[in-house]
Amino acid sequence: MSAPRPSRFRLGGRRYSPAASLALAAPFLLLVAIIFILPLATLLHESLFVPAPTTEHYARAFAEPVYLRVMLRTLRIAALVTALALLLAWPMAWVMSRSRGLGLALLAAAVLLPLWTSVLVRTYAWMVLLQRNGVVNQLLQQLGLTEAPIRLLYTEGAVVLAMAHVLLPFMVLPIYSALKGIPEDYPRAAQMLGASPWATFREVIWPLALPGVTSGCLMVFLLALGFFVTPALIGGPQQMMIATLVSQQVREMLDWPFAGALVGILLVFVLALTLLFKRAVRLDRFVGSA
């Protein structure tokens, strides 16, 4: 019996050997190694071996209350952003899954266009809306809900709202994909069998959409953990998150080893959460089998 031939990959209708596929991917892999892996590895190396082999920098992150509060605040804000994004994304994804033609195109454009706009621009737009004499405060006063401008900017609520807006497309698209894959016959059959709208949602729609919901929540939560621009501009010192703390340690304190330790802690948490997610939910249900 002849030896099995090595597996091949398809691209543009053609089949490539593993060696050819690796050669095609080499420029991309080299770029990732230079601009991402190498700097990260250097930073982690400094956190463990500068000035000598030590775990002092990691112990400091957990020993000093101020740094521990920043890490816990980061987790709390990321969780709140994920919950708010899910609350806002579900109706949008549901309407998109039931739309056709021009209506679907307009809704898709409303979701995708923000992705093509700079995060900095969207953050400054929220600053204009939430500032003391901004649109929101003027509207509240005109409606008689407040007598004077209230503090909206530089609060945790402003940070959560702005981050949820920026990350909303990463929640809408997976949920829309999951809802779009649910055959319309399933909810119809449940209603014909006497199920109420709530029962149909609970027993049919939600379980089938859960992979998309889980995928969206994971992406938004992980992205929120490392967010920098929006919390730095809209939040104050009381809303500092771990990315802002890392930037402070690098640019102001020049403490690269401790900044590397903070990055290492965040990296370990992200990897652990991703592995837990992979064990709990099959990823091929989201992206399909090759």
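Up top is the structure.
Residues numbered from 1 in each chain as written. Predicted model: local features only at pLDDT ≥ 70, side-chain atom pairs only at ≥ 80, totals over all residues. Heavy atoms only, no water.

Asks: Looking at this structure, I do not really get the overall build of the chain. What am I missing?
Replies: The number of helices and strands found in the chain is 13 helices and 2 strands. C-alpha extents for the chain along the principal axes are approximately 80 × 60 × 30 Å. Element-wise, carbon and sulfur atoms account for 70% of the exposed surface of the chain, whose accessible area totals about 17700 Å². The distance from the centre of the 22 positive side-chain charges to the centre of the 11 negative ones in the chain is 13 Å. (Helix = DSSP H or I, 4+ residues; strand = E, 2+ residues; numbered from the N terminus. Areas by Shrake-Rupley, 256 points an atom, 1.4 Å probe, with all protein chains shown as cover. Lys, Arg positive; Asp, Glu negative; His and termini not counted. Charge placed at Lys NZ, Arg CZ, Asp CG, Glu CD.)

Asks: Can you help me understand helix α1 (residues 18–49) in this one?
Replies: The α-helix winds at 3.6 residues per turn, so residues separated by three or four positions along the chain end up facing the same way. Taking 1.5 Å as the rise per residue, α1 with 32 residues should run 46 Å; its terminal C-alpha atoms sit only 38 Å apart, a clear shortfall. Maximal helix bending in α1 amounts to about 45°, located at A26; proline P27 follows within four positions. All buried positions along α1 are accounted for by S21, L40, L43 and S47. (Expected span 1.5 Å × (residues − 1). Bend = angle between axes of the 7 residues up to and from the residue. Buried < 20%, exposed > 50% of the residue type's maximum accessible area, 1.4 Å probe, protein only.)

Asks: I tried to follow the packing of aromatic side chains on my own but got confused; where do I start?
Replies: Centre-to-centre distance and the angle between the planes together describe a pair of aromatic rings. Throughout the structure, instances matching the rule amount to 5 aromatic pairs. Taking the centre distance of 4.7 Å and the plane angle of 55° together, the rings of Y67 and F258 count as tilted. Separated by 191 residues along the polypeptide, Y67 in helix α3 (residues 65–97) and F258 in helix α12 (residues 256–280) bring together distant segments of the chain. Taken individually, Y67 and F258 each receive the classification buried, so the pair is uniform in this respect. Ring centres 6.0 Å apart and planes at 45° place the aromatic pair F201 and W206 in the tilted group. When the ring centre of F258 is taken as origin, the NZ or CZ atom of R60, which lies over that ring, is 4.0 Å away. (Phe/Tyr/Trp six-rings, centres within 6.5 Å; stacked < 30°, edge-to-face > 60°. Lys NZ or Arg CZ within 6 Å of the ring centre and 35° of its normal.)

Asks: Got a minute to help me understand the environment of V204 in this structure?
Replies: Tracing the chain through its elements places V204 in helix α9 (residues 197–225). Judged by relative accessible area, V204 falls into the buried class, the value being 16%. It is 10.0 Å that separates the C-alpha atoms of V204 and A189, two residues lying 15 residues apart in sequence. Apart from the residues within four sequence positions on either side, V204 is in contact with Y186, P187, A190 and A199. (Contact = heavy atoms within 4.5 Å.)

Asks: Looking at this structure, I do not really get unusual backbone geometry. What am I missing?
Replies: Negative phi is the rule for most residues except glycine; trans is the rule for most peptide bonds. Look at the link from V50 to P51: it is a cis peptide, with omega at 0°. Inspection of the secondary structure assignment puts P51 in the loop between α1 and α2 (56–63). Its identity as a non-glycine residue notwithstanding, Y154 has a phi of 60°, on the positive side. Mapping Y154 onto the fold places it in the loop between α6 (135–142) and α7 (156–180).

Asks: It is not clear to me how the pattern of salt bridges should be interpreted in this structure. Could you clarify?
Replies: Where side chains of opposite charge bring their charged atoms close, a pairing between them can arise. The full count for this structure, using the stated rule, is 7 salt bridges. Between E64 and R60 there is a salt bridge; the shortest N-O distance is 3.4 Å. The class for E64 is partly exposed, based on a relative accessible area of 31%. The shortest N-O distance in the salt bridge between R188 and D185 comes to 2.8 Å. (Salt bridge = Lys/Arg side-chain N within 4 Å of Asp/Glu carboxyl O.)

Asks: Whenever I open this one, the packing of α2 against α3 confuses me. Can you help?
Replies: Helix packing geometry: the angle between the two helix axes and the distance between the axes. Where α2 meets α3, the closest approach of the two axes is 5 Å, and the angle between their N-to-C directions is 80°. Judged on the interaxial angle alone, α3 and α2 are roughly perpendicular. Along the contact surface, α2 presents R60, A61, F62 and A63, while α3 presents P65, Y67, L68 and M71. For the contact of α2 with α3, a count of residues per class yields 7 nonpolar, no polar and 1 charged. (Axes fitted to C-alpha atoms, helices over the stretch in contact; angles between N-to-C directions. Parallel < 35°, antiparallel > 145°, perpendicular 65-115°, else oblique. Nonpolar A, V, L, I, M, F, W, Y, C, P; charged D, E, K, R; others polar.)

Asks: It is not clear to me how a nonpolar patch on the surface should be interpreted in this structure. Could you clarify?
Replies: On the surface, a nonpolar cluster with roughly 690 Å² of combined accessible area is contributed by L112, L113, L115, W116, F170, L173, M219 and L223. Residue assignment for the nonpolar patch shows that the elements contributing at least two residues are α7 and α9. Tracing the sequence through the fold places M219 in helix α9. For M219, a relative accessible area of 32% puts it in the partly exposed group. (Patch = residues over 30% accessible without salt bridge, like charges linked within 9 Å, V, L, I, M, F, W, Y side chains within 5 Å.)

Asks: For this particular structure, what's the right way to read the nonpolar core?
Replies: As a rule of thumb, soluble globular proteins bury nonpolar side chains together. Grouped together as the largest cluster of nonpolar side chains are 42 residues, with contacts concentrated most on V81, M163, I175, L179 and I234. Elements with a minimum of two residues in this core: α3, α4 (101–112), α5 (119–130), α7 and α9. The element best represented in this core is α7, accounting for 14 residues. In contact with M163, not counting residues within four places along its chain, are I77, V81, A224, F227, T230, P231 and M241. By size, the runner-up hydrophobic cluster in this structure holds 18 residues, among which are L40, V70, I242 and V263. (Core = buried A, V, L, I, M, F, W, Y, C linked by side-chain atoms within 4.5 Å.)

Asks: Honestly, the packing of α3 against α4 in this entry has me stumped. Any pointers?
Replies: Axis separation between α3 and α4 bottoms out at 9 Å; the angle between their running directions is 150°. Relative to α4, the element α3 is oriented roughly antiparallel. In this structure, α3 crosses over α4, and the sense of that crossing is left-handed. Residues M92, V95 and M96 of α3 pack against L104, L107, A108, A110 and V111 of α4. Taken together, the residues of the contact of α3 with α4 break down into 8 nonpolar, no polar and no charged. (Left-handed = near helix turned anticlockwise from the far one by under 90°.)

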